[in-house]
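# Descriptive structure summary
Read off the chains here:
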Amino acid sequence: MATIEDVAARAGVSIGTVSNVLNRPQAVAPATRARVQAAITALGYVPHAAARALVAGRSRTIGLIVPEVTNPFFADLARGAEEVADDRDLTVMLYNSNKAPGRELRFLGQLESQRVQGILLTPVNQVAEALSDVVARGTPVVLLDRGSGHRNLCSVAVDDRVGGELAATHLVERGHRHLAFVGGPFTVHQVAERLAGARSVTDAAGARLEVIEKTGLIVAAARAAATGLARRPAAERPTAVFCANDLIALGVLQTVTRERLRVPGDLAIVGYDDIAFAAAAAVPLTSVRQPRQQLGRVAAQLLFEEIDDPGRHGHRQVVFQPELIARASTRVTAPAS
């Protein structure tokens, strides 16, 4: 295997010049840089990633910590971030906090010790003091899918309160006067905001909003709630359900269909996120769409802006607006109460 010494000898330059071409190419004259690159190609030299990190002071990676790696929403966020990182020949290291604050803090420490160039984080709860310490020690952090009240942090999020308003307005305008909200826990900022938005609409319309809190945003969490709803007498059952995300909505759809309720004839369903499975469901789901990959792309772009020029970088809080996508799961007008 060719070594950096072999490359330097073939190109007629010092080892330090080869190192500069690999880590700080802008510091090398174009003609010399081209000669070194030709030697690298001819010899098939593969730089040692760890050695390059030691020279540069940072690894060739960024970290991404999300609360639920199995949720397709976060997979799409990661894809968006990877598109930007790929353009810089960097790797995105994905960590799953599993909604556990302790795991989140441990991963922050691991990423900092690995000298990553920066971190994208969807925090479990409020921004921890430990995160501020990471930033103060020189590792840039951008909050993803969460707004920031901190002037020393960039953030990229969607207005979830508006998303809740869109979902409830859609249902109220179709004649529904008894709605249910299924999701949780409400310690998750996004869930609480979606509920608050829906409640503001139902309160203004004089409609009833029944709240069914679950401990997770996964398909299994919805089944018990949906079974209980489906087995109520028709007069006591909500005519529409707004779910905190699409995985909950798919669990509700699966369960009430098994219980022989018609969707949307007996129960209209609205989800949130508009993941790919929403449109592909047996009854295509109405959902509140978030620009998932764009969230990841913009967050990564903000991170690299700070990495490239920390002295002049101005922290920004970017907020996208959600969009309601109406499909078959809500297209029948509610029966008269």
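Please refer to the structure placed before this passage.
The shown structure was predicted, so the numbers you read here are calculated from the model rather than taken from an experiment. Every chain's residues receive numbers from 1 upward, in the order its sequence appears when written. A pLDDT threshold of at least 70 governs which residues receive local features in this predicted model, and a stricter bar of 80 or more applies before side-chain atom pairs are shown or counted, although totals over entire chains, interfaces and linings include all residues. Remark: hydrogens and water are excluded; side-chain values derive from all non-hydrogen atoms of the structure.

### A word on unusual backbone geometry
Here the amide bond leading from Gly184 into Pro185 is cis, since omega sits at 0°, within 30 degrees of zero. The numbering of helices and of strands both runs from the N terminus, where a helix is a DSSP run of H or I of at least 4 residues and a strand a run of E of at least 2. Along the chain, Pro185 falls in the loop between strand 6 (178-183) and helix 9 (189-205). Residue Val263 is joined to Pro264 through a cis peptide bond whose omega torsion reads 10°. Here Pro264 lies in the loop between helix 11 (246-258) and strand 9 (268-273). In this structure, Asn98 takes a positive phi of about 55° despite not being glycine. When you line up the elements, Asn98 lands in the loop between strand 2 (91-96) and helix 6 (101-113). Its identity is not glycine, yet Asp274 carries a phi of approximately 55°, on the positive side. The buried label goes to any residue with under 20% of its type's maximum accessible area, the exposed label to any with over 50%, and the partly exposed label to all in between, with areas taken from a 1.4 Å probe on protein chains only. Taking the relative accessible area as the measure of exposure, Asp274 reaches 5% and is therefore buried.

### A closer look at the packing of aromatic side chains
Within 6.5 Å between ring centres, the rings of Phe, Tyr and Trp (the latter by its six-membered ring) count as paired, and their orientation is classed by plane angle as stacked under 30 degrees, edge-to-face over 60, tilted in between. On inspection of all chains with the given rule, the structure shows five aromatic pairs. Seen from their ring centres, Tyr95 and Phe107 are 4.8 Å apart, and the 50° between their planes marks the pair as tilted. Here the residue Tyr95 occupies a position in strand 2, and Phe107 occupies one in helix 6, the gap between them amounting to 12 residues. The residues Tyr95 and Phe107 share a single accessibility class, namely buried. For the ring pair Phe242 and Tyr272, a centre distance of 6.4 Å and an interplane angle of 40° mean the geometry is tilted. You can see Phe242 sitting in strand 8 (residues 240-243) and its partner Tyr272 sitting in strand 9, a full 30 residues away along the chain.

### Structural notes on helix 5 (residues 72-86)
Expected helix span is given by 1.5 Å per residue-to-residue step, counting one fewer step than there are residues. Taking 1.5 Å as the rise per residue, helix 5 with 15 residues should run 21 Å; its terminal C-alpha atoms sit 21 Å apart, in good agreement. The set of residues buried in helix 5 consists of Pro72, Phe73, Phe74, Asp76, Leu77, Ala78, Gly80, Ala81, Val84 and Ala85. N or O atoms within 3.5 Å of each other form a polar contact, as long as, within protein, one can give a hydrogen and the other can take it, and as long as residues adjacent in sequence are counted only when both atoms are side-chain atoms. The backbone nitrogen of Phe73 lies 2.9 Å from a side-chain oxygen of the residue at the head of helix 5, namely Asn71.

### What to know about the sheet that holds strand 12 (residues 323-325)
Strand pairing requires that DSSP identify at least two bridges connecting the strands. With respect to topology, six strands assemble into an open sheet ordered 7-6-8-9-10-12, the strand pairing being mixed. Lying at the two open borders of the sheet, with one neighbouring strand each, are strand 7 (208-213) and strand 12. The sheet shows a mean angle of 20° between the axes of neighbouring strands, direction not considered. Relative to strand 12, strand 10 (residues 286-289) is paired through three bridges, and the arrangement is antiparallel. Bridging from a neighbouring strand, Arg289 pairs with Glu323 of strand 12. Contact between two residues is taken to exist if any of their heavy atoms lie within 4.5 Å; hydrogens are not considered. Simply put, an axis is a line fit to the C-alpha atoms, just over the touching stretch for a helix, and the angle between two N-to-C directions goes from 0 to 180 degrees. In this fold helix 9 packs onto strand 6, strand 7, strand 8 and strand 9, with an angle of close to 165° to the strand it touches most, strand 7.

### Looking at the packing of helix 1 (residues 4-11) against helix 2 (residues 15-23)
Relative orientation of the contacting elements helix 1 and helix 2 amounts to 105°, with a least axis distance of 8 Å. Considered as vectors, helix 1 and helix 2 are oriented roughly perpendicular to each other. Here Ile4, Glu5, Val7 and Ala8 of helix 1 lie close against helix 2, whose contacting residues are Ile15, Val18 and Ser19. Classes in brief: Ala, Val, Leu, Ile, Met, Phe, Trp, Tyr, Cys and Pro nonpolar; Asp, Glu, Lys and Arg charged; the others, Gly included, polar. The residue inventory of the contact of helix 1 with helix 2, partitioned by class, reads five nonpolar, one polar and one charged. If an angle is under 35 degrees, it is roughly parallel; if it is over 145, roughly antiparallel; if it lies from 65 to 115, roughly perpendicular; otherwise it is oblique.

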